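One letter stands for each residue in the lines below.
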Amino acid sequence: MKPFAYHQPDQIPDAAKLLTSIEDSKLVAGGMTLIPTLKQRLANPPALVDLSRLGNLKGITDDGATITIGAMTPHAVVAASKLVQAKIPGLAALASMIGDPAVRSRGTIGGSVANNDPAADYPAGVLGLGAAIVTSTREIAADKFFLGLFETALETGEIITAIRFPVPLRAGYTKFKAPASRYALVGVFVAKFADGVRVAVTGAGPGVFRVPPMEAALSENFDPSAIAAIKIDNDGLTSDIHAEADYRAHLVTVMAKRAVDAALS
Amino acid sequence: MGNVIGIGAAPKRKEDQRFLTGRGNYVSDIKRPGMTAGVFVRSPHGHAVLRGVDKSAALASAGVIAVLTGDDVKVEGLGGLPCGWGISDAKGVPMKEPPFPMLAQGKVRYVGDMVAFVIAETPEQANAAAELLTIDYEVLPSVVGVLEAVRPGAPQLFDDVPNNICCDWELGDKGAVETAFRKAAHVAKLSLVNNRLIGNPMEPRAAIAEYEPGTDRFTLWTTSQFPHVVRFLMGALVLNIPQHKLRVVAPDVGGGFGVKQFHYGEEAVITWAAKRVKRPIKWVASRSEGYVSDRHGRDHVTEAELALDEHGKFLAFRVNTLANMGGYLSTFGPNIPTNLYGPLLGGVYTTPAIYCNVKVVFTNTVPVDAYRGAGRPEATFVLERIVDVAASEMGIDRVEIRRRNMIPKEAYPYQTPVLVQYDSGDPMGCLDGALVAADVKNFGVRKAASASKGKFRGLGYSTYVEACGLAPSRFAGRLGARGGLYESATVRVHPTGQVTVMIGTHNHGQGHETTFAQIVSEKLGVSFEDVDIVFGDTDRVQFGMGTYGSRSLVVGGAALSKATDKVIAKGKKIAAHLLEAAEVDIQFEAGNFSVAGTDRIKSFEEIAGAAYVPHNYPLEVLEPGLEEQAYYDPVNFTYPGGCHIAEVEVDPETGTVTLVSYTAVDDVGTVINPMIVEGQLHGGIVQGVGQALFENAVYDEGSGQLLSGSLMDYCMPRADHMPMMKVATHSTLCTHTPMGVKGCGEVGTIGSPAAVINAVVDALSHLGVTHVDMPATPNRIWRLLQNASLPVAAE
Ligand SMILES: Cc1cc2nc3c(=O)[nH]c(=O)nc-3n(C[C@H](O)[C@H](O)[C@H](O)COP(=O)(O)OP(=O)(O)OC[C@H]3O[C@@H](n4cnc5c(N)ncnc54)[C@H](O)[C@@H]3O)c2cc1C
């Protein structure tokens, strides 16, 4: 690790100011992703701005038609939340599948969404539920937020404060774990709303994406059989030492069917 | 008489008190006054000419004390890392043995090859300076696979090693095998890959070196399984340090699995550097550094053929293997795929003729050496797989074909056609026991239940034998060993009757402090708590070869047993004097010396006291003190074996293999501590399952980059991969070790890969699948099913 300055502001505007005034400075939330990159000397920020003292970034609130989860809420809290379990059980299940207990206790939803790892779980839930990303300056729709490999719509100095999830009629998440890392080799989030179904896939490609043919078929008939024959194109999917693109494409269909099953059960 | 906890008891492990309470003392826990930090700068290229290293910026960087490179080594005329085994080809031509400099000279030959050593006040400063080195590489194409390496036109690692072949080794009677194949009713053929593995002990490697000018002595603390061997190899052959001026300490070591049983360049460089900078230096590898510098294991490509008569009797076995050595010869490197592989190809069968050819090949990869099992899992895998192939091709039940060829219990000692002679065993007994324990009878019911869920269920057998207890020195010498392979133990009885044992093996997780204490407690009748086992320090322990190859109990335990016998013999002499009886009339039983047929008795404690306070003592004929030493050179290998049965379920939709049940019935000879044996079996089985289903070291051909270079990409087996294992022993006693022990450290790893893969193939056999390479990952299984273009269950 290289030396860096450490700031722990207690107001969001102060944090934003530090970020814009110190070039290449970085926010740190749970540190589960950031700290390893520092230890491996892959990143060299001159300053870290710690979000842990900012008020109101932790916790889950019930707004009726939506649930709002503060950016600094750890995965373990979401997984164990009675509210989330009751209203969006698929999202609680997703949080419970992230990493291991230590990672779930430290890692945060804001950090995960901001990082937009192509194999992370939360992006599938956020896009699949059509959530809104609430930041220090605005609200961004999930469909406009994830821009591909580790890329998001966040601007320099912009801080995620919460994620607001619409409560679906049903939702389910299924994850085929990458053998070694246990990130998603392919993860599929399926959500049924009164006005249609959304299907979001993580792990399979360079970024989370939706599958319109599956959404159309499931809107007609919310049953695994409706999508059993829908194959997604291998083009643009990831190939690596764990799985080639055609296997990932195959798994998207299998995991989507199982996610529908999970949503129905 | 105290609290004797002897052979066959299962006390909790003594060492766990300190491990479980965070009181262990590992190399990285040690701090020396004035200690500096060292980091190794490693090649990012698989193969390159090393044109030069510009140190100037690094030397000017804050806190930097020194930067050393291969040129500095060359100037001092220091040796390269020695190989402990020199094998030869069929004509007696010795293997090619290119120099293995401790810091690269002229060329780098794998990603991770050491180019420079940077020493600074702190690790951060050393790391920062390391990034400032300008290293001029002329990158060459790499070759990483054995098939590619021996092809004409392949990149050549060494100018004087044509086709990268280190040695073209063979064993067995080629002519007899050919004759048998001509008479065969059936020939089964199998091509397979034995996947490359990375050991991943929990504790990464580390070292601290210190030089004391006042005494001209060096001390090296290192994560080693064999400190005396490091002292010998490094002192005598690399750095020219006299043995009495070099102390090597291997304190608590967090797992080895073979990875720490080699003399590494890091040890030599840091020791040499400590004298140059006149301060202690510490180096601790990161996990990622371990991936590209810890010696790897396995990595074979094999073609095998088994000749059978019309009844399924094995007539002959022929095996051709290409074995990867990596970029240089490591300490045991060339011995593993040859001497520890070919002689095991007889298995538990009566195959009369066997021929094995192994081409030992250099590639641009980390040097390959012993990893738990070392050669024997590879041999077992080839044999146990081809037996299944033959059974299925000939329509003979897999258990039945094994029975028809098994060495019956009465036929021991059994001379195989490949050098080794098994002293004892009962493979049929292990098989019968395992069939019952695994409830094979009701497998059909379980298979039908799986089928009703759309899953394929399979059962796999592995009836295997291994050779451990390395090794009779004379025999090993004939095979190319450049050292002896005995073990030594000193039993020091204190004046108050407690015992300290100094032993040359090394405990790094095996429970020696418990097992060896049980042996002493049993033999001397002293309390289990009154015995301490000292190991891992060349200044405290007389000598030793260390721990590997399941040798600690078999060879070290034998030395310990002999040394305790000497203590008893001397005690009898002292007792005879004190009890005024003839020595032949003295009995030793349950911690008491007595005159046979009388009630005249002296306790062990009284005898110890008399030995150190020799007022009434036969000083004219007997020395005071009660301390005895024994060296033991084994007369043969020991041959543990057994039967493993794996049961798997395959999800054809995703290709996922789930291990649903695992049964092992093993013959490990006398069991000293059943709990520790069970633990060794559990761990060994999990490592074998790791090889079968998860682990794979993957290199990129051409660039030589290690693609599976972290725990994110190299899949270790985890607790949730495993079912509860059913483990039992069915022991016959070894006829030539003092206590009848055979060893149990590696059996789990040796028997299991074949059992698991045989189960996977069985699960898929109805689809025409005849072989699955390891690891049987979901991706691989799914692809196999796709390529067979078979109907995959739809929901
Ligand atoms: C062993 C291990 C296993 C894991 N397994 C999984 C897994 O299975 N699935 C999975 O999805 N993830 C997994 N993760 C990642 C884990 O979920 C991380 O916690 C998460 O990706 C990042 O969250 P964090 O709070 O730790 O963020 P940090 O590491 O603190 O930050 C990550 C990045 O986000 C930025 N950031 C953080 N918070 C904000 C904010 N509020 N606004 C704007 N930017 C912000 C930081 O500047 C940084 O660039 C794993 C991690 C580890 C170490």
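In this text, all values refer to a predicted model and were calculated from it rather than measured experimentally.

For chain A, the helix and strand inventory stands at eleven helices and twelve strands. What you see for chain A is a C-alpha radius of gyration of 18 Å, in line with the 18 Å of a compact globule of 265 residues. If one aligns the C-alpha atoms of chain A with their principal axes, the spans along those axes are about 55 × 45 × 30 Å. Sorting the 265 residues of chain A into buried and exposed places 54% on the buried side. For chain A, contacts bridging at least 24 residues in sequence account for 58% of all contacts bridging at least 6.

This brings us to the interface of chain B and chain A. Facing 25 residues of chain B, the contacting portion of chain A comprises 23 residues. Summed over both partners, the interface of chain B with chain A buries about 2,000 Å², with 47% contributed by carbon and sulfur atoms. Looking only at chain B, the three residues that lose the most surface to chain A are B:Glu653, B:Asn779 and B:Trp782, adding up to 25% of its buried area. The tally of links between chain B and chain A comes to eight salt bridges. Among the elements that take part in the side of chain B that touches chain A, helix H20 (residues 778-787) of chain B stands out by supplying four residues, more than any other. By residue class, the composition of the side of chain B that touches chain A is nine nonpolar, seven polar and nine charged.

All names here are of chain B. Spatially, the seven strands line up as an open sheet ordered E3-E5-E1-E12-E9-E10-E11, and their pairing is mixed. On the outer flanks of this sheet lie strand E3 (64-69) and strand E11 (246-249), each paired with one strand and no other. Direction aside, the axes of adjacent strands within the sheet are offset by 20 degrees on average. Inspection of the sheet shows strand E9 (residues 206-212) paired to strand E12 (residues 281-284) by four bridges, in the antiparallel sense. If you follow Ala206 over to E12, its bridge partner there is Val284. Those strands touched by helix H7 (residues 227-238) are strand E10 (217-222) and E11, and its axis lies near 145 degrees from that of E11. Against the sheet, helix H8 (residues 265-277) makes contact with strand E1 (36-42), E3, strand E5 (114-120), E9, E10 and E12, and its axis sits at roughly 30 degrees relative to E9, the strand it touches most.

Counting residues in each nonpolar core, the largest one holds 177 residues, and the members touching the most others are B:Met102 and B:Phe317. Counting residues in hydrophobic clusters, the runner-up holds 48 residues, among them B:Ile533, B:Leu560, B:Tyr632 and B:Met739.

Moving on, we get to the packing of aromatic side chains. Residues and elements named next belong to chain B. Applying the stated criterion across every chain yields a total of 26 aromatic pairs over all chains. Their ring planes at 65 degrees and their centres at 5.1 Å tell us that Phe158 and Phe362 sit as a pair that is edge-to-face. Of this pair, Phe158 sits in the loop between helix H5 (146-149) and strand E7 (165-172) while Phe362 sits in strand E15 (residues 353-362); the two residues are 204 residues apart in sequence, bridging distant segments of the chain. Per residue, the accessibility class of Phe158 equals that of Phe362, and both read buried. For the ring pair Phe475 and Phe637, a centre distance of 5.5 Å and an interplane angle of 85 degrees mean the geometry is edge-to-face. One end of the pair, Phe475, is in helix H14 (residues 473-479); the other, Phe637, is in the loop between strand E25 (627-632) and strand E26 (641-651), and 162 residues separate them in sequence.

For the rest of this paragraph, the subject is unusual backbone geometry. Following B:Tyr412, the chain continues into B:Pro413 via a peptide bond in cis, with omega recorded as 0 degrees. Mapping B:Pro413 onto the fold places it in the loop between helix H11 (398-405) and strand E16 (414-415). The omega angle of the peptide bond from B:Leu470 to B:Ala471 is -15 degrees, so this bond is cis rather than trans. Among the structural elements, B:Ala471 can be located in the loop between strand E18 (456-465) and H14. Phi at A:Asp24 is positive, roughly 65 degrees, even though this residue is not glycine. Along the chain, A:Asp24 falls in the loop between helix H1 (12-21) and strand E2 (26-28).

This part is about the pattern of salt bridges. Residue and element names in this part refer to chain B. This model, assessed by the stated rule, comprises 55 salt bridges over all chains. The closest approach of N and O atoms between Arg196 and Asp299, which form a salt bridge, is 2.8 Å. One end of the pair, Arg196, is in strand E8 (residues 186-198); the other, Asp299, is in strand E13 (residues 296-308), with 103 residues separating them in the sequence. Classification of Arg196 by relative accessible area gives buried; the value is 3%. According to the relative accessible area criterion, Asp299 is buried, its value standing at 12%. In this structure, Asp537 and Arg247 form a salt bridge, with 2.6 Å as the shortest nitrogen-oxygen distance. Of this pair, Asp537 sits in the loop between strand E21 (531-534) and helix H16 (552-578) while Arg247 is found in strand E11, placing the two residues 290 residues apart along the sequence. Classification of Arg247 by relative accessible area gives partly exposed; the value is 24%.

A few words on the packing of H16(B) against helix H17 (residues 604-612) of chain B. Residues and elements named next belong to chain B. It is at 10 Å that the axes of H16 and H17 come closest, and there the two elements cross at 85 degrees. Between H16 and H17, the angle is such that the two are roughly perpendicular. Here H16 contributes Val567, Gly571, Ile574, Ala575 and Leu578 to the contact with H17, which in turn contributes Phe604, Ile607, Ala610 and Ala611.

Residues and elements named next belong to chain B. Taken in spatial order, the four strands of this open sheet run E18-E26-E27-E28, and their pairing is mixed. Where the open sheet ends on each side, the last strands, each with one partner, are E18 and strand E28 (725-729). Neighbouring strand axes in the sheet, compared pairwise and without regard to direction, differ in orientation by 15 degrees on average. Of the strands in this sheet, E18, E26, strand E27 (656-667) and E28 touch helix H12 (residues 427-437), which is tilted by about 135 degrees from E27.

This next bit is on the environment of B:Gln691. Residues and elements named next belong to chain B. Its location among the elements puts Gln691 in helix H18 (residues 674-694). A relative accessible area of 1% means that Gln691 is categorised as buried. Sequence separation between Gln691 and Tyr464 is 227 residues; the distance between their C-alpha atoms is 17 Å. The residues touching Gln691, leaving out its near neighbours within four places in the chain, are Asn194, Asn195, Leu197, Arg298, Pro753, Met774 and Pro775. Polar side-chain contacts of Gln691 include one of 2.7 Å to the side chain of Asn194.

What follows concerns the packing of helix H11 (residues 245-264) of chain A against H20(B). In a packed pair of helices, the relevant descriptors are the angle between the two axes and the axis-to-axis distance. The geometry of H11(A) relative to H20(B) is characterised by a closest axis approach of 11 Å and an angle of 90 degrees between their N-to-C directions. Judged by the angle between their axes, H11(A) and H20(B) are roughly perpendicular. Contacts between H11(A) and H20(B) involve A:Asp246, A:Tyr247 and A:His250 from the former and B:Pro778, B:Asn779, B:Trp782 and B:Arg783 from the latter. By residue class, the composition of the contact of H11(A) with H20(B) is three nonpolar, two polar and two charged.

Rules behind the numbers
Residues numbered from 1 in each chain as written. Chains lettered and ligands numbered in written order. Predicted model: local features only at pLDDT ≥ 70, side-chain atom pairs only at ≥ 80, totals over all residues. Heavy atoms only, no water. Helix = DSSP H or I, 4+ residues; strand = E, 2+ residues; numbered from the N terminus. Rg over C-alpha atoms; globule rule 2.2 N^0.38 Å. Buried < 20%, exposed > 50% of the residue type's maximum accessible area, 1.4 Å probe, protein only. Contact = heavy atoms within 4.5 Å. Buried area = accessible area lost by both parts, 1.4 Å probe. Salt bridge = Lys/Arg side-chain N within 4 Å of Asp/Glu carboxyl O. Nonpolar A, V, L, I, M, F, W, Y, C, P; charged D, E, K, R; others polar. Pairing = 2+ DSSP bridges. Axes fitted to C-alpha atoms, helices over the stretch in contact; angles between N-to-C directions. Core = buried A, V, L, I, M, F, W, Y, C linked by side-chain atoms within 4.5 Å. Phe/Tyr/Trp six-rings, centres within 6.5 Å; stacked < 30°, edge-to-face > 60°. Parallel < 35°, antiparallel > 145°, perpendicular 65-115°, else oblique. Polar contact = N/O pair within 3.5 Å; in protein donor to acceptor, adjacent residues only side chain to side chain.

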